[in-house]
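A closer look at the structure
What follows is the residue order along each chain.
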Amino acid sequence: MINSNKCLILRFIKFMAFTEKHIQILEKSEELFAEKGFNGTTVRDIAEYAGINLAMVSYYFGSKEKLLEALFRNRMAATQIRLQNIISNQSLSFIQKIDILIDEFIDRVIQKRCFYKVMLQEQVINKNKEVIKLLKDYKIGYAKLVSTLIVEGQKAKKIKKDIDIVMLLGTMTGTVTQILINRDYYREFNDYKKLSDAAFEQKLRTNLSAHIKHLFKATLGYEQ
């Protein structure tokens, strides 16, 4: 099934011939979209924040909408490639792959929080149909790759049959996203206010990792 996903991955990769200037503009745009929203950000805002001439945004991307699409393709392609590398790594056990998948997702949302904020915004607004289609294709490709891992575990009789992959991934993405969005509430409720910001971030990441792994273990039925 991994080979059948190459066309989905290539759909993202073929748009990734980006120069350093492309990446600079994308990263600065990402920050602005996260802070002000796509509609609240102008091309002039992007140009000024990226330190470039206004015309360069159109030169490199064509429009603000195309820039947003390029941002999604760039982020999602990297994730798809990394996941495929994990799943195809024969030196890792099934459980190691599951643990890496979970930890890397948590780290990715923490490190790329601006992008995930933009992603959530776009799914709520639902105006850029190309971005919504990219997201759907990305999620399907991601779920298919994970399903190859689940099948691997089932063939080895390590996990239960009849696993709902989309529900399983929804449990992970929904929990991680909501906890990180509501980190202040989590910090106060658990009386972590005395921790430094760095110590709290590490505690939050550790607790999330342990919680998601526990949910996966309970759902899939595997033993350590």
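Residues numbered from 1 in each chain as written. Predicted model: local features only at pLDDT ≥ 70, side-chain atom pairs only at ≥ 80, totals over all residues. Heavy atoms only, no water.

**Quick notes on the pattern of salt bridges**
In the structure shown here, the tally under the stated rule is 14 salt bridges. A salt bridge links Glu 152 to Lys 97, with the shortest nitrogen-to-oxygen separation between them at 3.3 Å. Note that Glu 152 is positioned in helix 8 (residues 129-155) and Lys 97 in helix 6 (residues 94-111), a separation of 55 residues in sequence. On the accessibility criterion, Lys 97 (2% relative accessible area) is buried. The residue Arg 113 makes a salt bridge to Glu 201 at a minimum N-O spacing of 3.6 Å. Remark: Glu 201 occurs in helix 11 (residues 197-220) and Arg 113 occurs in helix 7 (residues 113-125); sequence separation between them is 88 residues. Taking the relative accessible area as the measure of exposure, Glu 201 reaches 24% and is therefore partly exposed. A cluster of three or more residues bridged by salt bridges with shared partners is formed by Lys 66, Glu 69, Arg 73 and Glu 130. (Salt bridge = Lys/Arg side-chain N within 4 Å of Asp/Glu carboxyl O. Helix = DSSP H or I, 4+ residues; strand = E, 2+ residues; numbered from the N terminus. Buried < 20%, exposed > 50% of the residue type's maximum accessible area, 1.4 Å probe, protein only.)

**Quick notes on the nonpolar core**
Ranked by size, the top nonpolar core spans 60 residues in total, and within it Phe 72, Met 172, Val 176, Phe 216 and Leu 220 carry the most contacts. Considering every element that reaches this core, the biggest residue donor is helix 8, with 10 residues. Look past the residues within four positions of Val 176 in its chain and what remains in contact with it is Phe 105, Ile 106, Val 109, Leu 208 and Ile 212. (Core = buried A, V, L, I, M, F, W, Y, C linked by side-chain atoms within 4.5 Å. Contact = heavy atoms within 4.5 Å.)

**A few points about the side chain of Arg 187**
Within the secondary structure, Arg 187 is located in helix 10 (residues 183-189). Under the relative-accessibility criterion, Arg 187 is labelled buried at 15%. In this view, Arg 187 contacts Tyr 192, Lys 193, Leu 195, Ser 196, Asp 197 and Phe 200; residues no more than four positions away in its chain are not counted.

**Considerations on the packing of aromatic side chains**
Overall, the coordinates contain 10 aromatic pairs when judged by the stated rule. A centroid spacing of 5.6 Å and a plane angle of 80° characterise the contact between Phe 115 and Tyr 116, whose relative ring orientation is edge-to-face. Phe 115 sits in the buried class, given a relative accessible area of 3%. Exposure remark for Tyr 116: the relative accessible area of 12% places this residue in the buried category. By the ring-pair criterion, three or more aromatic residues cluster together here, those being Phe 72, Phe 105, Phe 115 and Tyr 116. Lying over the aromatic face of Tyr 49, Lys 28 brings its terminal NZ or CZ to 4.9 Å of the ring centre. (Phe/Tyr/Trp six-rings, centres within 6.5 Å; stacked < 30°, edge-to-face > 60°. Lys NZ or Arg CZ within 6 Å of the ring centre and 35° of its normal.)

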